[in-house]
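Reading the structure
One letter stands for each residue in the lines below.
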Amino acid sequence: MSTPLADTTNPDLDLLYAVNGLARHAPAALDHLVSWIGEYGILIGLALLGLVGWLQARRRPDAPVAVAGLLWAPLSVAIAELANLPISAIVDRPRPFVDHAGLEVLVEGKAGTHSFVSDHSTMSMGIAVALFLVNRRLGWIAGGLALLQGFCRMYMGVHYPTDVIGGFALATAVVLLLAPIAMAVLVPLCHALARTPLAPLIRAERGPGRDAGRGGGRPDGRGRRGGRARKAVRSEEQPRESDLAA
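In what follows, the accompanying structure is described. Small disclaimer: the values here were computed from a predicted structure and weren't measured.

About the criteria used
Residues numbered from 1 in each chain as written. Predicted model: local features only at pLDDT ≥ 70, side-chain atom pairs only at ≥ 80, totals over all residues. Heavy atoms only, no water. Phe/Tyr/Trp six-rings, centres within 6.5 Å; stacked < 30°, edge-to-face > 60°. Buried < 20%, exposed > 50% of the residue type's maximum accessible area, 1.4 Å probe, protein only. Patch = residues over 30% accessible without salt bridge, like charges linked within 9 Å, V, L, I, M, F, W, Y side chains within 5 Å. Areas by Shrake-Rupley, 256 points an atom, 1.4 Å probe, with all protein chains shown as cover. Salt bridge = Lys/Arg side-chain N within 4 Å of Asp/Glu carboxyl O. Helix = DSSP H or I, 4+ residues; strand = E, 2+ residues; numbered from the N terminus. Expected span 1.5 Å × (residues − 1). Polar contact = N/O pair within 3.5 Å; in protein donor to acceptor, adjacent residues only side chain to side chain.

Here we take up the packing of aromatic side chains. Counted under the stated rule, the structure contains two aromatic pairs. Between Phe-132 and Trp-140, the aromatic rings sit 5.4 Å apart at their centres with planes inclined by 80°, giving edge-to-face as the arrangement. The exposure class assigned to Phe-132 is partly exposed, which follows from its relative accessible area of 26%.

Below, the structure written as structure tokens:
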């Protein structure tokens, strides 16, 4: 038997009907596309953003710290999903189409599962917030995908708006509250791995003779001084992104 939360407030239900109503008047091809994006596509996109973030983090001066921050993204999602197990069982909220007629359901096999909180929304926002702590630009993109994820879940008729908001809140809380503890463990681990044969996973290797070829071979030493000057400029031009290393 469901809890009173299953009896949604009118704004919650009205917004669901408004968003899901778009599916009723949209072409079937668009409904299929949104369903695939909301079920798989956005999660694949977030995984690709994480891969891009890792490739960029390996080239940073604080590579072990940046990579540790990226490792926290999937770990935080796993913790948030584990935390959602007792939450969903206690709330015991059925899918919206179980209690309310007239919804266009675009995904089969959801009738026997819990609605609150949205797992897809939790995963997408968890990755977005964790990625934002390491790379603001990628984090903003991931945040946009997370919002699109929430819209798609309502469009598909499988979640209330409050299910989506609850997933966003749970993921954000887990990522931010547990980040200091996680980084206290992950940063030393990544520093240790950087001194092992797994170092390429933590820090990008520099090409042999790369620095020597820039300033060497000048008898007047200008090339060496120029190399030092360029190095100083590069140090000043490091990304000013707000991250866990700051």
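Now that the structure has been shown, the text picks up again.
A few words now on a nonpolar patch on the surface. A grouping of Trp-36, Tyr-40, Ile-44, Leu-48, Leu-51 and Leu-55 is seen on the molecular surface, where their side chains present a nonpolar patch of about 600 Å² in accessible area. Tracing the chain through its elements places Leu-48 in helix H2 (residues 28-57).

Turning our attention to helix H6 (residues 136-155). Between its terminal C-alpha atoms H6 stretches 28 Å, which fits the 28 Å expected from 20 residues at 1.5 Å a residue. Along H6, the positions that sit buried rather than exposed are Leu-138, Gly-139, Ala-142, Gly-143, Ala-146, Gln-149, Gly-150, Cys-152, Arg-153, Met-154 and Tyr-155. Two or three places before Arg-137, at the opening of H6, Asn-135 has a side-chain oxygen 3.1 Å from that residue's backbone nitrogen. Gly-157 sits one or two positions beyond H6 and adopts a positive phi of about 80°.

Moving on, we get to unusual backbone geometry. Following Phe-116, the chain continues to Val-117 via a peptide bond in cis, the omega torsion being -10°. Relative to the helices and strands, Val-117 is located in the loop between helix H4 (96-99) and helix H5 (119-134). In this structure, Asp-92 takes a positive phi of about 55° despite not being glycine. Along the chain, the position of Asp-92 falls in the loop between helix H3 (63-91) and H4.

Here we take up the environment of Ile-165. As for its placement among the helices and strands, Ile-165 is situated in helix H7 (residues 161-193). Look at Ile-165 and you get exposed, because its relative accessible area is 55%. Separated by 15 residues in the primary sequence, Ile-165 and Gly-150 place their C-alpha atoms 8.1 Å from one another.

Moving on, we come to the pattern of salt bridges. Summed over all chains, the structure comprises five salt bridges. Salt-bridge contacts for Glu-39 lead to Arg-153; the nearest nitrogen and oxygen are separated by 2.7 Å. Of the two residues, Glu-39 is situated in helix H2 and Arg-153 in helix H6; the sequence distance between them amounts to 114 residues. Relative accessible area serves as the criterion here: at 1%, Arg-153 is assigned to the buried category.

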